[in-house]
Amino acid sequence: MSDIATIDEPDQFSFPVLAKMVCGGMMLVGLIAFGLTWIGGVELAMTGWVIGAWYALGFPLFGAIFLAMCTLASSGWHTVIKRVPEAMTRYFPVAAVTFVVVIFAVLGSDFYEWAHPHDHGDMHSDLLLHKQPYLNASAFIIRMAIYFGIWIACSYALVRASRKQDVDGDVKHTITARRISAPFAILFGLTLTFASIDYVMSVEPTWFSTMFAVYQFGGIMSAGFAMLALVLIFLQQSGYMRKSVNANHYHNVGIWLLSSVTFWAYVWFCQFMLIWYSNIPEETAHYVARWEGEWFWVSFVITPLVHWVIPFLMLLPRPNKRNPKMLGLAALIVLAGRFIDLWQFMAPRPHLDAGIPHTSQGVWTFVVVGTLVGFIGLFLFVTLKALEKAPLLAKKDPYFDESLHHHI
Amino acid sequence: MPEEQNNLFMAVFTDEDHCLEAVKACTQANFTYHDVLAPYAVHGLDRAMGLPFSKITWVTFLCGLGGTSIAFLGMGYISGWDWPLNIGGKGALPFPAMVPIMFELTVLLGGLCTMLALFAFCFLFPGKQARLFHARQTDDRFVVVLEMDEDFSEAKAREIFTANHAEEIRQVPHDYNVNAAGEDD
């Protein structure tokens, strides 16, 4: 029954020179943009860096949890494409280096206001001092080491089991992956919760939302599936996995992308609606600053439109999910939406003026998108480099045959 | 005056894969299906029979859209126009508060209408007498029923069914029904 013998396609990915140059160019653009944003001040530069670093960290996080979910669910369909999420997780160590810069943002700037609280005798500084036991520089660094330690250890263990299986084809490596995935799924939930509070939510240290980690999870999954679809399309365009990956695998990725963006929209709206309805001042401050003026269009019109409405309507018909062109276009829109979502969260930097929240930075801060381009270039370079290290198809995986015959 | 109806030619299979292979061969031979009956949904059977894609997704989509509009217009009329009430300082037309109800009605109407449309398409209603070609067709047997029209060739059909390990092959009248004949076991 096996079609393994009939697959005569390149087994080893080699990173095309043109793609290398494009990735290098993107990194150069990012570096120049990051340098230029210093003109706007250290806070603007750090806004770009934190958005980019967190955005790119979402991809290896997605890769690791996607592998864990598929392993735990005994899923078969993903086996032909599993080298791509595996390669994505290889970005973790590089992400750790980019987050060292975030430590400098904590220590040496006022990007994270909680890092240098001053007692002005008002309620705002009282609250910051009250949050000191959690939000302080040393605890921040220790937590960062724990998160990255867990992520790197678990993702390396998962990838190692898969590599060993390439050699002997023993089913015990699938069982090992299952044993790693179960605790990782729990640890992932905990680390992602605290990491999203540390790096993103604490930009406005007096604001809080109990939905925040779920909201970031929705965004990470959306952007992750979008990137997975784009990398698959790139691989097929460059002549790899032409026969093994077909419309049915794209269909499944499309279904996941559709459900992820819808999940994101659901959480995005829940978070807003509950705060809007209960109308408690310390919670609403965040939204009031975005409700007035130019940010309204970004936060309440463009974000839901680009992150959910357009991709949702594009991906709803069955033929569109099976068509790589439509799926790729929807994926690009989702990636743009993910940036707009993070940007409208980090850039406005509201402050209280006579008790009324005001934003100190306008929509011109969109220029930080340049820094993000660099991060995406870096991520793609690391991922495609890692993809060269192993055969593209996990032919000895017990689910491989099932995956080839995947049909919906 | 209804046309004279064709007799039917049926084969019973004990295995899903054998049934699927037989159906693929029958489609290739250009036979007309009366029906293919299985105790559960067999993956790929509709495609093997050469059936077009189901239009039921349009029912779901349009009814879901109808649910959204009914919720929005209903709430708008009740709390925005007919008897405006300002609850909690949110104004008479609080859009964010309407979204959960719009969402719920979208899902509810979309789901219910899909089910009702399915019943209508399949002509199912409470108290309907089941028409069975084989007493165990809802248990563990797969039945392929062909129309004996001008495209039909008995020799060819027998050959296909025998090659795919049919348990039973027989010609039956157009209104054949095990249930009515009382052949229950």
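Reading the values: the criteria
- Residues numbered from 1 in each chain as written.
- Chains lettered and ligands numbered in written order.
- Predicted model: local features only at pLDDT ≥ 70, side-chain atom pairs only at ≥ 80, totals over all residues.
- Helix = DSSP H or I, 4+ residues; strand = E, 2+ residues; numbered from the N terminus.
- Rg over C-alpha atoms; globule rule 2.2 N^0.38 Å.
- Buried ≥ 20, exposed ≤ 12 C-beta atoms within 10 Å, placed from the backbone.
- Contact = placed C-beta atoms within 7 Å.
- Arc of directions from axis to C-beta.
- Axes fitted to C-alpha atoms, helices over the stretch in contact; angles between N-to-C directions.
- Parallel < 35°, antiparallel > 145°, perpendicular 65-115°, else oblique.
- Left-handed = near helix turned anticlockwise from the far one by under 90°.
- Nonpolar A, V, L, I, M, F, W, Y, C, P; charged D, E, K, R; others polar.
- Core = buried A, V, L, I, M, F, W, Y, C linked by C-beta atoms within 7 Å.
- Domains from an automatic or database assignment.
- Pairing = 2+ DSSP bridges.
- Expected span 1.5 Å × (residues − 1).
- Bend = angle between axes of the 7 residues up to and from the residue.
- pLDDT = per-residue confidence, 0-100.

1. Remarks on the overall build of chain B
Consideration 1: Looking only at helices and strands, chain B has six helices and four strands in total.
Consideration 2: Along chain B, helices and strands appear, N-terminal first, in the series β-α-β-α-α-α-β-α-β-α.
Consideration 3: Its C-alpha atoms give chain B a radius of gyration of 25 Å, more than 25% over the compact-globule value 16 Å for 185 residues.
Consideration 4: Each of the 185 residues in chain B was classed as buried or not, and the buried ones make up 18%.
Consideration 5: Restricting the contact set of chain B to residue pairs at least 6 apart, pairs at least 24 apart contribute 80%.

2. Section: the overall build of chain A
Consideration 1: Within chain A, the secondary structure is distributed over 15 helices and two strands.
Consideration 2: The C-alpha atoms of chain A give a radius of gyration of 22 Å, which matches the 22 Å a tight globule of 408 residues would have.
Consideration 3: With the C-alpha coordinates of chain A rotated into their principal frame, the extents come out at 75 × 40 × 40 Å.
Consideration 4: Across the 408 residues that make up chain A, the buried fraction comes to 45%.
Consideration 5: Counting contacts in chain A only where the partners sit at least 6 residues apart, residues at least 24 apart contribute 81% of the total.

3. Comments concerning helix α10 (residues 281–291) of chain A
Residue and element names in this part refer to chain A.
Consideration 1: Of the residues making up α10, those classed as buried are H286, A289 and R290. Angular distribution of buried residues about the axis of α10 spans 100°; they occupy a single face of the element.
Consideration 2: One or two steps after α10, the chain reaches G293, where phi turns positive at roughly 75°.

4. Some thoughts on the packing of helix α2 (residues 42–72) of chain A against helix α7 (residues 172–199) of chain A
Residue and element names in this part refer to chain A.
Consideration 1: Contact geometry of α2 with α7 gives a least axis separation of 9 Å together with a crossing angle of 155°. In terms of orientation, α2 lies roughly antiparallel with respect to α7. Crossing hand, α2 versus α7: left-handed. Within the contact between the two elements, α2 uses V50, W54, L61, I65, A68, T71 and L72 and α7 uses A177, R178, S181, A182, F184, A185, F188, L192 and Y199.
Consideration 2: When grouped by side-chain class, the residues that make up the contact of α2 with α7 number 13 nonpolar, two polar and one charged.

5. Considering the nonpolar core
Consideration 1: V50(A), A53(A), A56(A) and L257(A) are the most contacted members of the largest nonpolar core, which has 118 residues in total.
Consideration 2: The leading source of residues in this core is α2(A), at 20 residues.
Consideration 3: Contacts of A53(A), omitting those with residues within four sequence positions, involve A95(A), T98(A), F99(A), V102(A) and F375(A).
Consideration 4: Judged by nonpolar contacts, the second largest core, of 24 residues, contains M10(B), F13(B), F31(B) and L146(B).

6. Description of unusual backbone geometry
Residue and element names in this part refer to chain B.
Consideration 1: A positive phi angle is found at N30, which is not glycine, with a value near 70°.
Consideration 2: By secondary structure assignment, the location of N30 is in the loop between α1 (16–28) and β2 (33–37).
Consideration 3: Residue class for N30 comes out exposed when judged on the 11 C-beta atoms lying within 10 Å of it.

7. Examining the domain arrangement of chain B
Many structure descriptions define interface size as the accessible area lost when the parts assemble.
Consideration 1: According to the domain assignment, chain B contains domain 1 (8–53 + 128–181) and domain 2 (56–122).
Consideration 2: Here the C-alpha centre of domain 2 of chain B lies 43 Å away from the C-alpha centre of domain 1 of chain B.

8. Section: the sheet that holds strand β4 (residues 168–172) of chain B
Residue and element names in this part refer to chain B.
Consideration 1: Ordered by their spatial adjacency, four strands build an open sheet running β2-β3-β1-β4, and the pairing between neighbours is antiparallel. The open sheet is flanked by β2 and β4, the only strands paired with a single partner. With direction set aside, neighbouring strand axes in the sheet form an average angle of 15°.
Consideration 2: As paired elements, strand β1 (residues 8–13) and strand β3 (residues 142–147) share six bridges and run antiparallel to each other. By the bridge assignment, V12 is partnered in β3 with V143.
Consideration 3: Seen against the sheet, α1 touches β1, β2 and β3 and runs at an angle of roughly 15° to β3.
Consideration 4: In this fold helix α5 (residues 154–163) packs onto β1, β3 and β4, with an angle of close to 10° to the strand it touches most, β1.

9. Quick notes on the environment of F152(B)
All names here are of chain B.
Consideration 1: Its place among the elements puts F152 in the loop between β3 and α5.
Consideration 2: Spatially, the C-alpha atoms of F152 and F119 are 31 Å apart, while their sequence positions differ by 33 residues.
Consideration 3: With near-sequence residues (within four places) excluded, F152 lies in contact with F9, F31, L146, E147 and A157.

10. Considerations on helix α3 (residues 56–82) of chain B
Residues and elements named next belong to chain B.
Consideration 1: Taking 1.5 Å of rise per residue, the 27 residues of α3 would be expected to cover 39 Å, and the 36 Å separating its terminal C-alpha atoms lies within 8% of that figure.
Consideration 2: Taken as a whole, α3 carries its principal kink of about 30° at G76.
Consideration 3: What α3 keeps buried is the set C63, G67 and A71.
Consideration 4: Packing partners of the buried residues in α3 comprise α4 (95–122).

11. Here's the deal with the confidence of the model for chain A
Consideration 1: Across chain A, pLDDT averages 91, with 97% of residues at or above 70.
Consideration 2: The spread of mean pLDDT over the elements of chain A runs between strand β2 (residues 356–359) of chain A, the lowest at 69, and helix α8 (residues 212–237) of chain A, the highest at 96.

12. Some words on the environment of Y91(A)
Residues and elements named next belong to chain A.
Consideration 1: Here Y91 shows up in the loop between α3 (83–88) and α4 (92–108).
Consideration 2: For the pair Y91 and F366, spaced 275 residues apart in sequence, the C-alpha to C-alpha distance is 26 Å.
Consideration 3: Discounting chain neighbours no more than four positions away, the residues touching Y91 are A56, F59, P60, F379, V382 and T383.

13. Examining the confidence of the model for chain B
Residues and elements named next belong to chain B.
Consideration 1: Per-residue confidence for chain B gives a mean pLDDT of 88; residues scoring 70 or more make up 95%.
Consideration 2: Mean pLDDT across the elements of chain B ranges from a minimum in helix α6 (residues 178–181), with 69, to a maximum in α4, with 94.
Consideration 3: Among the prediction metrics, the complex's ipTM stands at 0.82, with pTM recorded as 0.90.

14. A word on the packing of α7(A) against α8(A)
All names here are of chain A.
Consideration 1: Running from amino to carboxyl end, α7 crosses α8 at an angle of 95°, the nearest separation of the two axes being 9 Å. Considering the angle they form, α7 stands roughly perpendicular to α8. From α7, L192, T193, S196 and I197 reach across to α8, where they touch F212, A213, Q216 and F217.
Consideration 2: Residue classes in the contact of α7 with α8 are distributed as five nonpolar, three polar and no charged.

15. Quick look at the environment of I175(A)
Residues and elements named next belong to chain A.
Consideration 1: Inspection of the secondary structure assignment puts I175 in helix α7.
Consideration 2: Given 11 C-beta atoms within 10 Å, I175 falls into the exposed group.
Consideration 3: Between the C-alpha atoms of I175 and L72, which are 103 residues apart in sequence, the distance is 9.8 Å.

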